[in-house]
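# Structure at a glance
The residues making up each chain are set out below.
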Amino acid sequence: MSLAEGSVLAFDFGLKRIGVAVGNTLMLQARALQVIALESNNAKFAAIEQLLKEWQPVLCVVGLPLHPDGAEHEMTKRCRRFAHQLEGRFGVTTALVDERYSSAVIAAKRGQVIDAEAAAIILQQYFDQAQ
């Protein structure tokens, strides 16, 4: 797959918190950026809009949670909806990445930072598959 050069933002979507990571198509390395932990959807999307303005991503990656057997569940639908909202509200291209094991990789960590770290793992998976 061929990516335009530039930054890429990744999101680990959750109902209470959204982990955010950043990387770029040149280095293909992801790093945790921040956690959006705001009450209302409008506040969350306002924070995302600021990130999009700051980073000007060529792509947004959204983690897609699935059951271990690959079956979809309620959060799968919510994450797909979130990706569609990013496209619809902000006109950004999105890609979904299987995140079944991203949280397990960092399960030893606790607190909000786990969401940003999970987003970084999701983005790194995307980069690794793109090579």
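Given the structure is predicted, the values throughout are model-derived calculations rather than measurements.

## A look at the confidence of the model for the protein chain
With 87% of its residues at a pLDDT of 70 or more, the protein chain shows a mean pLDDT of 88. The secondary structure element of the protein chain with the lowest average pLDDT is helix α3 (residues 102–105), at 54, and the one with the highest is helix α1 (residues 41–55), at 97.

## Quick look at the nonpolar core
Core analysis: the biggest nonpolar cluster contains 21 residues, and Leu 9, Phe 11, Ile 18, Ile 48, Phe 82 and Leu 86 have the highest contact counts within it. Of all elements in the fold, only β1 (7–13), β2 (18–24), α1, β4 (59–64) and α2 (74–90) reach the threshold of two or more residues within this core. For this core, the element with the most residues is α1, which contributes 5 residues. Each residue touching Leu 9, except ones within four places of it in the same chain, is listed here: Val 20, Ala 21, Val 22, Leu 33, Leu 51, Leu 52, Trp 55, Pro 57, Leu 59, Cys 60 and Val 61.

## A few points about the sheet that holds strand β3 (residues 30–36)
The sheet built from 5 strands is open, its strands ordered β3-β2-β1-β4-β5 with mixed pairing. At either margin of the open sheet sits one strand with a lone partner, and together these are β3 and β5 (94–98). Between one strand and the next, the sheet's axes are offset by a mean angle of 25°, whatever the strand orientation. With 4 bridges joining them, β1 and β4 adopt parallel strand pairing. Along β4, the bridge assignment pairs Ala 10 with Val 61. Contacts from α1 reach β1, β2, β3 and β4, with the element oriented near 145° to β3. In the packing of α2 onto the sheet, contacts are made with β1, β2, β4 and β5, and the angle to β4 comes to roughly 170°.

About the criteria used
- Residues numbered from 1 in each chain as written.
- Predicted model: local features only at pLDDT ≥ 70, side-chain atom pairs only at ≥ 80, totals over all residues.
- Heavy atoms only, no water.
- pLDDT = per-residue confidence, 0-100.
- Helix = DSSP H or I, 4+ residues; strand = E, 2+ residues; numbered from the N terminus.
- Core = buried A, V, L, I, M, F, W, Y, C linked by side-chain atoms within 4.5 Å.
- Buried < 20%, exposed > 50% of the residue type's maximum accessible area, 1.4 Å probe, protein only.
- Contact = heavy atoms within 4.5 Å.
- Pairing = 2+ DSSP bridges.
- Axes fitted to C-alpha atoms, helices over the stretch in contact; angles between N-to-C directions.

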